[in-house]
Amino acid sequence: GMEESSLDAGGELFAEGREAQGMYFVVHGVLRYDLGDQVRKQKTEYISESYTMSRSISGGLDYYDFPGFDIEILRPGSWLSEASLWVTWVHTGRSVAKTNCNLLCVRSDKFRKTMRDLGPEIFRYAERLIAYVTRQG
């Protein structure tokens, strides 16, 4: 099932390292998503390597010139944690309401039960999604 919820401005939807309970849709308001320390470190190392390789092409523009490269702002129509519907997912960042928010949550446990009831076609899709996520690292 789907559950409706609301967050006051400043309220935390989830924190890094916690197991995801479902996929969230922003219905009203604005959420902020910050990458967690581990993912930020990996991303910074990757960007730093790319920066070093492309410095001569870009004229030396530093990636730190782009504030918030590890922050995403989510508005109505956006969603978070889709992978949690298909696999046990641990959040790799933190999400906090910037304004009062209304959300819909598709609960992972209920979703998986419904999918099991639907049969093998759904599992083929899940296998493709898992393979995709695994390739993305």
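Quick note: structure is the one above.
Rules behind the numbers
- Residues numbered from 1 in each chain as written.
- Predicted model: local features only at pLDDT ≥ 70, side-chain atom pairs only at ≥ 80, totals over all residues.
- Heavy atoms only, no water.
- Pairing = 2+ DSSP bridges.
- Helix = DSSP H or I, 4+ residues; strand = E, 2+ residues; numbered from the N terminus.
- Contact = heavy atoms within 4.5 Å.
- Axes fitted to C-alpha atoms, helices over the stretch in contact; angles between N-to-C directions.
- Salt bridge = Lys/Arg side-chain N within 4 Å of Asp/Glu carboxyl O.
- Buried < 20%, exposed > 50% of the residue type's maximum accessible area, 1.4 Å probe, protein only.
- Parallel < 35°, antiparallel > 145°, perpendicular 65-115°, else oblique.
- Nonpolar A, V, L, I, M, F, W, Y, C, P; charged D, E, K, R; others polar.
- Core = buried A, V, L, I, M, F, W, Y, C linked by side-chain atoms within 4.5 Å.

1. Some remarks on the sheet that holds strand E1 (residues 2-7)
Here 4 strands make up an open sheet; going across it, the order is E1-E8-E3-E6 and the pairing antiparallel. In this open sheet, the two strands that pair with only one neighbour each are E1 and strand E6 (79-80). Where strand E3 (residues 22-28) meets E6, 2 bridges bridge the pair, whose relative direction is antiparallel. Its bridge partner being in E6, Phe-25 is matched across the sheet by Trp-79. The sheet contacts of helix H2 (residues 108-118) involve E1, E3 and strand E8 (101-107), and relative to E8 the element is tilted by about 40 degrees.

2. Details of the pattern of salt bridges
Counting across every chain of the model gives 7 salt bridges. Note that Arg-124 and Glu-121 form a salt bridge whose closest N and O atoms lie 2.3 Å from each other. Placement of the pair is Arg-124 and Glu-121 together in helix H3 (residues 120-136), with a separation of 3 residues, close to one helical turn. Relative accessible area serves as the criterion here: at 38%, Arg-124 is assigned to the partly exposed category. For Glu-121, a relative accessible area of 55% gives the class exposed. Salt bridges sharing partners connect three or more residues here, namely Glu-3, Arg-107 and Asp-109.

3. Considering the packing of H2 against H3
Where H2 meets H3, the closest approach of the two axes is 6 Å, and the angle between their N-to-C directions is 125 degrees. Comparing their axes, H3 and H2 come out oblique. Seen from H2, the contacting residues are Met-115, Arg-116 and Leu-118; seen from H3, they are Pro-120, Ile-122 and Phe-123. Among the residues forming the contact of H2 with H3, the class breakdown is 5 nonpolar, no polar and 1 charged.

4. Quick look at the nonpolar core
Leu-7, Leu-13, Leu-31 and Leu-80 are the most contacted members of the largest nonpolar core, which has 14 residues in total. For this core, the elements supplying multiple residues, two or more each, are strand E2 (12-14), E3, strand E4 (31-35) and E8. Sequence-distant contacts of Leu-13, that is, excluding residues within four places in its chain, are made with Leu-7, Tyr-24, Leu-31, Ser-95 and Leu-103.

5. Focus on the sheet that holds strand E5 (residues 71-74)
Spatially, 4 strands are ordered E2-E7-E4-E5 in an open sheet, and the strand pairing comes out antiparallel. Across the chains shown, the open sheet's two edge strands, defined by having one partner strand only, are E2 and E5. Geometrically, the sheet is characterised by an average inter-axis angle of 25 degrees between neighbouring strands, direction not taken into account. In this structure, E2 lies alongside strand E7 (residues 93-97), joined through 2 bridges in antiparallel fashion.

6. Observations concerning the environment of Ser-5
Residue position: Ser-5 is located in strand E1. Distance in space between the C-alpha atoms of Ser-5 and Leu-104 is 6.3 Å, their sequence separation being 99 residues. In this structure, Ser-5 is in contact with Cys-101, Asn-102 and Leu-103, ignoring residues within four places of it in sequence.

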